[in-house]
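Structural overview
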Amino acid sequence: MIKKIDHIGIAVKSIDDSVPYYEKALGLKCEGIEEVADQKVKTAFFNVGGVHLELLEPTSPESPIAKFLEKNPHGGVHHIAFNCEDVVDSLARAKENGVLLINETPKIGAHSKKIAFLHPKSTKGVLTELCQDGECCCG
Ligand code: ZN
(Lines give C-alpha, C1' and ligand atoms only; values in the text may rest on other atoms or scores of the structure.)
Protein backbone atom coordinates (compact mmCIF):
# COMPACT_ATOMS: atom_id res chain seq x y z
CA MET A 1 0.00 0.00 0.00
CA ILE A 2 1.23 3.49 -0.85
CA LYS A 3 1.17 5.82 2.17
CA LYS A 4 2.22 9.18 0.74
CA ILE A 5 4.52 10.96 -1.67
CA ASP A 6 7.94 10.50 -0.12
CA HIS A 7 9.97 12.79 -2.33
CA ILE A 8 10.35 14.39 -5.73
CA GLY A 9 13.72 13.77 -7.37
CA ILE A 10 15.20 16.72 -9.24
CA ALA A 11 18.27 16.35 -11.44
CA VAL A 12 20.82 19.16 -11.11
CA LYS A 13 24.25 19.73 -12.62
CA SER A 14 25.63 20.94 -9.31
CA ILE A 15 24.25 20.65 -5.79
CA ASP A 16 26.55 23.45 -4.63
CA ASP A 17 25.04 25.77 -7.26
CA SER A 18 21.46 24.64 -6.60
CA VAL A 19 21.21 24.65 -2.80
CA PRO A 20 21.42 28.49 -2.53
CA TYR A 21 18.37 28.86 -4.80
CA TYR A 22 16.26 26.59 -2.57
CA GLU A 23 17.61 28.10 0.65
CA LYS A 24 17.72 31.78 -0.27
CA ALA A 25 15.07 32.31 -2.96
CA LEU A 26 12.54 29.83 -1.54
CA GLY A 27 13.56 29.94 2.12
CA LEU A 28 13.80 26.15 2.53
CA LYS A 29 16.42 24.51 4.69
CA CYS A 30 18.80 21.86 3.34
CA GLU A 31 18.59 18.91 5.72
CA GLY A 32 21.76 17.25 4.56
CA ILE A 33 23.88 16.06 1.68
CA GLU A 34 24.53 12.37 1.17
CA GLU A 35 26.34 10.38 -1.51
CA VAL A 36 24.62 7.18 -2.70
CA ALA A 37 27.42 5.17 -4.30
CA ASP A 38 25.07 2.51 -5.65
CA GLN A 39 23.10 5.08 -7.66
CA LYS A 40 26.22 7.14 -8.54
CA VAL A 41 24.67 10.33 -7.21
CA LYS A 42 25.11 12.98 -4.56
CA THR A 43 21.80 14.01 -2.98
CA ALA A 44 20.58 17.03 -1.03
CA PHE A 45 17.25 16.92 0.84
CA PHE A 46 14.72 19.64 1.67
CA ASN A 47 11.67 18.96 3.82
CA VAL A 48 8.58 20.66 2.41
CA GLY A 49 5.74 19.85 4.79
CA GLY A 50 6.74 16.19 5.09
CA VAL A 51 7.35 15.70 1.37
CA HIS A 52 10.99 16.02 0.44
CA LEU A 53 12.76 17.47 -2.53
CA GLU A 54 15.75 15.31 -3.44
CA LEU A 55 18.33 17.10 -5.55
CA LEU A 56 20.44 14.64 -7.53
CA GLU A 57 23.88 15.41 -8.90
CA PRO A 58 25.71 12.72 -10.90
CA THR A 59 29.04 11.50 -9.49
CA SER A 60 29.95 9.56 -12.62
CA PRO A 61 29.25 9.82 -16.37
CA GLU A 62 27.53 6.41 -16.09
CA SER A 63 25.06 7.73 -13.56
CA PRO A 64 21.43 7.67 -14.79
CA ILE A 65 21.34 11.33 -13.76
CA ALA A 66 24.27 12.14 -16.09
CA LYS A 67 22.28 10.59 -18.95
CA PHE A 68 19.17 12.56 -17.97
CA LEU A 69 21.21 15.80 -17.98
CA GLU A 70 22.49 15.04 -21.49
CA LYS A 71 18.88 15.12 -22.68
CA ASN A 72 17.79 17.90 -20.29
CA PRO A 73 20.79 20.21 -19.98
CA HIS A 74 19.07 22.54 -17.49
CA GLY A 75 18.05 19.66 -15.22
CA GLY A 76 14.49 19.19 -14.09
CA VAL A 77 12.05 16.84 -12.39
CA HIS A 78 13.49 13.33 -12.66
CA HIS A 79 11.22 11.07 -10.62
CA ILE A 80 8.42 10.85 -8.07
CA ALA A 81 8.83 8.52 -5.10
CA PHE A 82 5.96 6.92 -3.24
CA ASN A 83 6.45 5.75 0.32
CA CYS A 84 5.07 2.22 0.66
CA GLU A 85 4.19 0.14 3.67
CA ASP A 86 6.02 -2.78 2.03
CA VAL A 87 8.01 -2.10 -1.12
CA VAL A 88 8.16 -5.81 -2.08
CA ASP A 89 4.34 -6.01 -1.95
CA SER A 90 3.95 -2.83 -4.00
CA LEU A 91 6.47 -4.09 -6.59
CA ALA A 92 4.57 -7.39 -6.88
CA ARG A 93 1.30 -5.52 -7.34
CA ALA A 94 2.78 -3.35 -10.13
CA LYS A 95 4.23 -6.42 -11.85
CA GLU A 96 0.92 -8.30 -11.63
CA ASN A 97 -0.66 -5.35 -13.39
CA GLY A 98 1.78 -5.49 -16.30
CA VAL A 99 4.20 -2.76 -15.20
CA LEU A 100 7.81 -3.19 -16.33
CA LEU A 101 10.19 -3.04 -13.38
CA ILE A 102 13.66 -1.50 -13.52
CA ASN A 103 14.50 -3.18 -10.20
CA GLU A 104 12.98 -6.61 -9.59
CA THR A 105 14.17 -6.47 -5.99
CA PRO A 106 14.71 -3.38 -3.81
CA LYS A 107 18.08 -1.67 -3.50
CA ILE A 108 19.33 0.55 -0.69
CA GLY A 109 18.99 4.28 -1.35
CA ALA A 110 19.62 7.47 0.63
CA HIS A 111 18.65 7.31 4.33
CA SER A 112 18.93 3.48 4.13
CA LYS A 113 15.54 3.29 2.43
CA LYS A 114 14.63 0.28 0.34
CA ILE A 115 14.01 1.62 -3.14
CA ALA A 116 12.93 0.24 -6.52
CA PHE A 117 12.10 1.92 -9.80
CA LEU A 118 9.27 1.24 -12.23
CA HIS A 119 9.98 1.72 -15.93
CA PRO A 120 8.62 5.00 -17.38
CA LYS A 121 7.40 3.03 -20.44
CA SER A 122 4.73 1.52 -18.18
CA THR A 123 4.08 4.50 -15.91
CA LYS A 124 2.69 7.01 -18.42
CA GLY A 125 6.09 8.67 -18.78
CA VAL A 126 6.79 9.36 -15.10
CA LEU A 127 9.85 7.63 -13.70
CA THR A 128 8.40 6.18 -10.50
CA GLU A 129 10.25 5.09 -7.38
CA LEU A 130 8.72 2.97 -4.67
CA CYS A 131 10.42 3.22 -1.30
CA GLN A 132 10.11 1.99 2.23
CA ASP A 133 11.66 3.48 5.35
CA GLY A 134 14.79 1.65 6.51
CA GLU A 135 15.50 0.24 9.96
CA CYS A 136 16.92 3.56 11.07
CA CYS A 137 17.00 4.56 14.73
CA CYS A 138 16.13 8.17 13.85
CA GLY A 139 12.97 7.01 12.07
ZN1 ZN B 1 14.44 9.16 -5.15
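Residues numbered from 1 in each chain as written. Predicted model: local features only at pLDDT ≥ 70, side-chain atom pairs only at ≥ 80, totals over all residues. Heavy atoms only, no water.

Observations concerning the overall build of the chain
Within the chain, the secondary structure is distributed over three helices and eight strands. For the chain, the α and β elements follow one another from N to C terminus as β-α-β-β-β-α-β-α-β-β-β. Relative to its length of 139 residues, the chain is compact, with a C-alpha radius of gyration of 15 Å against a globular reference of 14 Å. By its C-alpha atoms, the chain is 45 × 35 × 25 Å across when sized along the principal axes. Residues counted as buried form 42% of the 139 residues belonging to the chain. Restricting to contacts in the chain with at least 6 residues of sequence separation, those with at least 24 account for 51%. (Helix = DSSP H or I, 4+ residues; strand = E, 2+ residues; numbered from the N terminus. Rg over C-alpha atoms; globule rule 2.2 N^0.38 Å. Buried < 20%, exposed > 50% of the residue type's maximum accessible area, 1.4 Å probe, protein only. Contact = heavy atoms within 4.5 Å.)

Looking at the layout of surface pockets
Considering only enclosed or pocket space, the largest pocket measures out at about 1,000 Å³ in volume. What lines the largest pocket is a set of 45 residues, among which His-7, Glu-54, His-79, Phe-117 and Glu-129 lie closest to the centre. Of all the elements in the fold, those that place two or more residues in the lining of the largest pocket are strand E1 (2-11), strand E2 (30-36), strand E3 (41-48), strand E4 (51-58), helix H2 (64-71), strand E5 (76-84) and strand E7 (114-118). Class assignment for the residues of the lining of the largest pocket results in 18 nonpolar, 16 polar and eleven charged. Here the second largest pocket defines a volume of roughly 170 Å³. What lines the second largest pocket is Met-1, Ile-2, Asp-89, Ser-90, Arg-93, Ala-94, Leu-118 and Leu-130. In terms of residue count, the dominant contributor to the lining of the second largest pocket is helix H3 (residues 87-96) (four residues). Along the lines of polarity and charge, the residues of the lining of the second largest pocket split into five nonpolar, one polar and two charged. (1 Å grid on protein atoms, 1.4 Å probe; cavity = no way out; pocket = protein on both sides within 12 Å on 5 of 7 lines; lining within 4 Å. Points joined across faces, edges and corners; volume = space filled by probe spheres on them. Nonpolar A, V, L, I, M, F, W, Y, C, P; charged D, E, K, R; others polar.)

Describing the sheet that holds E5
Strands sit in the order E2-E3-E4-E1-E5-E8-E7-E6 across an open sheet of eight strands; the sheet is mixed. Of all strands in the sheet, those with a lone pairing partner are E2 and strand E6 (107-108), marking the two edges. Relative to E4, E3 is paired through eight bridges, and the arrangement is antiparallel. The residue bridging Phe-45 from the neighbouring strand is Glu-54, located in E4. Contacting E1, E2, E3 and E4, helix H1 (residues 15-25) runs over the sheet at an angle of about 5° to E3. Lying over the sheet, H2 contacts E1, E3, E4 and E5, oriented at roughly 85° with respect to E4. (Pairing = 2+ DSSP bridges. Axes fitted to C-alpha atoms, helices over the stretch in contact; angles between N-to-C directions.)

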